[in-house]
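# Summary of the model geometry
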Amino acid sequence: QKAQIGVTGLATMGRNLARNLARRGHTVAVHNRTAARTKALVEEFGHEGTFVPAETAEEFVAALERPRRLVVMVKAGAATDAVIDEFAPLLEPGDMIVDGGNAHFADTRRREAALRERGVHFVGAGISGGEEGALNGPSIMPGGPAESYEALGPLLESIAANVDGVPCVTHIGPDGAGHFVKMVHNGIEYADMQLIAESYDLLRHAAGLSPAEIAEVFRTWNTGRLESYLIEITAEVLAHTDAATGEPFVDVVLDRAEQKGTGRWTVQTALDLGVPVGGIAEAVFARSVSGHADLREAARDLPGPAREATKDAAFADAVERALYASKIVAYAQGFHQIQAASAEYGWDVDLGAVATIWRGGCIIRARFLDRIRAAYEADPRTVTLLTDGYFAEALAEAQDAWRGVVATAARLGIPTPGFSSALAYYDSLRAERLPAALTQGQRDFFGAHTYRRVDREGAFHTLWSDGRREVEA
Ligand code: NDP
């Protein structure tokens, strides 16, 4: 019996994905560079379904029915290229390689173009949900040629998470679109986590609540409009007590946040596209600041205000509003970035469909995403989510509390780069006039960069050192 699909790369993610496929009744060929991993998988989990273990690349390819569907779950980067180079010569036109790793979308575009020449479909598929998701139902973001989805889609739909009967997978768009969308998912995840961290910091140091009390606040929030996986696990982490010391777990963890790089890629790509994603950038930089022991040590004794806690019962409610408003901004920025890339690369990404497949399986899964789906369904040409009826109303309702929370943070010296930058973005977009006019004046002064006028068409330059006469540029 031939296998419907094969997985090569059987570390945490690949092994769980293979098990998920087998549990859904598919025959799965399994392969790994180091054969011991393949053997271990079949020994430990062989009873869960039908696995066809292969020791060599040739055996692996021969085990697959046509068109061959070969999923690569190896370390992103050079390893992916090595695996493609090994398997591509063994494949025939119409076969497909699915890269489920966290590849950079530019690499995916390059690989897709190279394999297209051989007639092999290359599908860069973002997979979110970590090892638990891979086993029980991830959110899957496959790109590549649309026709590849005909042979691949049903298999992915059978293993993906499912919300209200809708599987959390859809064809995102050509070449690198899937990995791009996965990257922005991670960027939004960074922003969401940072906003939650700031909320915790404010509840701890402005409201004077203990971690256990804050866990309760998050539990309550998780029954409302903020209901999400990230809020749920935040309550769990805050409620946890360290066994060794009896202290709150959050107090014994070193306060240095690490990162693997997809957040950084999101910001780098946003800079290249010219898309303002301040909320995501601040989240990446906040992790960076936390990791700079040298900077923090050098600056530790700089003066700040006394932090006396307010014990104001309404404060937690204000933080909830600030968090919700800032979260809307972060998601609006991420979706704007996908929209911009879609236009740049001709992907024609359906933003409502992206929101739909993020409702389950992935780290940012939340009820909230249904609102984003509804916004794009109501108007697919939505320029920014901030002006969608529901979100505009939520922002209007939150803004007083949001401003109050940012002001309190500034007054008490509690860093809130996420809340502050989200509010600045909101105010920048709604401003009738921005000081950018002055920036243009300065640029014209020192570099003759010219400017446009509000009252006439054309580009102008003022002869700053020659009587300040204005000339047409
Ligand atoms: P790792 O990223 O740790 O990669 C280990 C696997 O890659 C092993 O199977 C290893 O084979 C194989 N490998 C490494 N180098 C080569 C090479 N040169 N040739 C062939 N095989 C090679 O595994 P994970 O399961 O953690 O992740 C797999 C992919 O999924 C990565 O791209 C990761 O970014 C992505 N991902 C991971 C998530 C997670 O939560 N961990 C979530 C979502 C995506 P060997 O056993 O022989 O060393």
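A brief structural summary. (Residues numbered from 1 in each chain as written. Predicted model: local features only at pLDDT ≥ 70, side-chain atom pairs only at ≥ 80, totals over all residues. Heavy atoms only, no water.)

### Some details on the sheet that holds strand E10 (residues 451–452)
Operational definition: Pairing between two strands is assigned when DSSP locates at least 2 bridges connecting them. Where helices and strands are cited, they refer to DSSP runs of H or I of at least four residues and of E of at least two residues respectively, numbered from the N terminus.
Judged by pairing direction, the sheet is antiparallel, and its three strands sit side by side in the order E10-E11-E12 without closing on themselves. Lying at the two open borders of the sheet, with one neighbouring strand each, are E10 and strand E12 (469–472). Note that E10 and strand E11 (residues 459–463) share two bridges and pair antiparallel. Counted as the bridge partner of Arg452 is Ala459 from E11.

### A short note on the layout of surface pockets
Here is the rule we go by: Of the grid points, spaced at 1 Å and generated over the protein atoms alone, those admitting a 1.4 Å probe that cannot get out make up cavities, while open sets with protein on both sides within 12 Å along at least five of seven lines make up pockets; any residue with an atom within 4 Å of a point is treated as lining. Grid points are joined across faces, edges and corners, and a volume is the space filled by probe spheres set on the points. Only Asp, Glu, Lys and Arg are considered charged, only Ala, Val, Leu, Ile, Met, Phe, Trp, Tyr, Cys and Pro nonpolar, and every remaining residue, Gly among them, polar.
Estimates place the volume of the second largest pocket at around 210 Å³. If you trace the second largest pocket, you find it lined by Arg433, Ala436, Ala437, Gln440, Gly441, Asp444, Tyr451, Arg452, Arg453, Val454 and Trp464. Of all the secondary-structure elements, those providing two or more residues to the lining of the second largest pocket are helix H20 (436–447) and E10. Among the elements that line the lining of the second largest pocket, the one with the most residues is H20, at five residues. Of the residues that constitute the lining of the second largest pocket, the class distribution is five nonpolar, two polar and four charged.

### Some remarks on the environment of Ala459
Just so we agree on the cut-off: Summary of the burial criterion: residues with accessible area below 20% of their type's maximum are buried, those above 50% are exposed, and those between are partly exposed, where the area comes from a 1.4 Å probe applied to protein chains only. When checking whether two residues touch, look at their non-hydrogen atoms; a contact exists if any pair is within 4.5 Å.
Note that Ala459 resides in strand E11. Residue classification places Ala459 among the partly exposed positions, given a relative accessible area of 24%. With 443 residues separating them in the primary sequence, Ala459 and Asn16 have C-alpha atoms 59 Å apart. When near neighbours in sequence (up to four residues on either side) are disregarded, Ala459 contacts Thr450, Tyr451, Val471, Glu472 and Ala473.

### A short note on the sheet that holds strand E4 (residues 69–72)
Put simply, the test is: Only the contacting stretch of a helix is used when fitting its axis, a line to C-alpha atoms as for every element, and angles between N-to-C directions run 0 to 180 degrees.
Strand order in this open sheet of seven strands is E3-E2-E1-E4-E5-E6-E7, and the pairing throughout is mixed. Each edge of the sheet is formed by a strand with only one pairing partner; in this case those strands are strand E3 (50–53) and strand E7 (139–142). The mean angle between the axes of side-by-side strands here comes to 25°, regardless of whether they run parallel or antiparallel. Relative to E3, strand E2 (residues 27–31) runs parallel, the two sharing four bridges. Bridge pairing links Val28 to Phe51 in E3. Helix-sheet contacts for helix H2 (residues 35–45) involve E2 and E3, and the interaxial angle to E3 is about 155°.

### Here's the deal with the side chain of His185
Here is the rule we go by: Polar contact criterion, stated in full: a pair of N or O atoms within 3.5 Å, where within protein one must be able to donate a hydrogen and the other to accept it, and residues adjacent in sequence count only if both atoms are side-chain atoms.
As for its placement among the helices and strands, His185 is situated in helix H8 (residues 177–205). A polar atom in the side chain of His185 sits 2.9 Å from the side chain of Asn186. When near neighbours in sequence (up to four residues on either side) are disregarded, His185 contacts Ser128, Trp358, Cys362, Ile363 and Ile364.

### A short note on the side chain of Thr27
For Thr27, the location among the structural elements is in strand E2. The class of Thr27 is buried, set by a relative accessible area of 3%. Separated by 3.0 Å, the side chains of Thr27 and Gln1 make a polar contact. Non-local contacts of Thr27, meaning those with residues more than four positions away in its chain, are made with Gln1, Lys2, Ala3, Gln4, Ile5, Thr50 and Val52.

### Observations concerning the pairing of strand E5 (residues 96–99)
Here is the rule: By convention, orient the strands away from the viewer: a clockwise path from the first strand over the helix to the second makes the crossover right-handed.
Across the two faces of E5 the burial is the same, with Met96 and Val98 and Ile97 and Asp99 all buried. In this sheet, E5 lies alongside E4 in parallel orientation, the contact comprising four bridges. The residue bridging Leu70 from the neighbouring strand is Ile97, located in E5. Taken together, E4, helix H4 (residues 78–87) and E5 form a β-α-β motif whose crossover is right-handed. Bridge analysis of E5 against strand E6 (residues 121–128) gives four bridges, and the strand direction is parallel. Bridge pairing in E6 places Asp99 opposite Gly124. This β-α-β element, E5 to helix H5 (residues 105–116) to E6, shows right-handed connectivity.

### Comments concerning the pairing of strand E1 (residues 5–8)
A regular strand carries its side chains on alternate faces of the sheet. Here E1 shows no split at all, with Ile5 and Val7 on one side and Gly6 and Thr8 on the other all buried. Note on the crossover from E1 through helix H1 (residues 12–23) to E2: the handedness is right-handed. Of the strand pairs in this sheet, E1 and E4 are connected by three bridges, and their pairing is parallel. Note that in E4 the partner of Thr8 across the bridge is Val72.

### As for empty space enclosed by the protein
Over the atoms rolls a probe the size of a water molecule, and its path tells where empty space is left. Taken as a whole, this structure holds two cavities of 30 Å³ or more when the rule is applied. In terms of lining residues, the largest cavity is bounded by Ile5, Leu17, Leu21, Val71, Val98, Ala125, Ile127, Ile140, Leu156 and Ile159. Classifying every residue of the lining of the largest cavity gives 10 nonpolar, no polar and no charged. One number sums up the size of the second largest cavity: a volume of about 50 Å³. Every residue lining the second largest cavity is listed: Ala191, Gln194, Leu195, Gly279, Ser326, Val329, Ala330, Gly418 and Ala422. When contributions to the lining of the second largest cavity are tallied by element, the ones reaching two or more residues are H8, helix H15 (315–345) and helix H19 (417–430). Looking at the lining of the second largest cavity, its residues break down into five nonpolar, four polar and no charged.

### Regarding the site of the ligand
Applied cut-off: Nearness is judged by heavy atoms alone; a residue qualifies as near a molecule or strand once a single heavy atom is within 4 Å of it. Using a 1.4 Å probe, the Shrake-Rupley method yields the accessible areas, and only the shown protein chains count as cover for residues.
In the vicinity of the ligand, 19 residues are found, and the nearest of them are Met13, Asn32, Arg33, Thr34 and Arg37. One nitrogen or oxygen atom from the side chain of Arg33 is found 3.0 Å from an oxygen atom belonging to the ligand. For the ligand, an oxygen atom lies 3.0 Å from a polar atom in the backbone of Val74. In isolation the ligand has 890 Å² of accessible area, and contact with the protein removes 77% of it. Going through the elements one at a time, H1 and H4 are the ones with two or more residues in the shell around the ligand. Across the shell around the ligand, the residue classes break down as nine nonpolar, seven polar and three charged.

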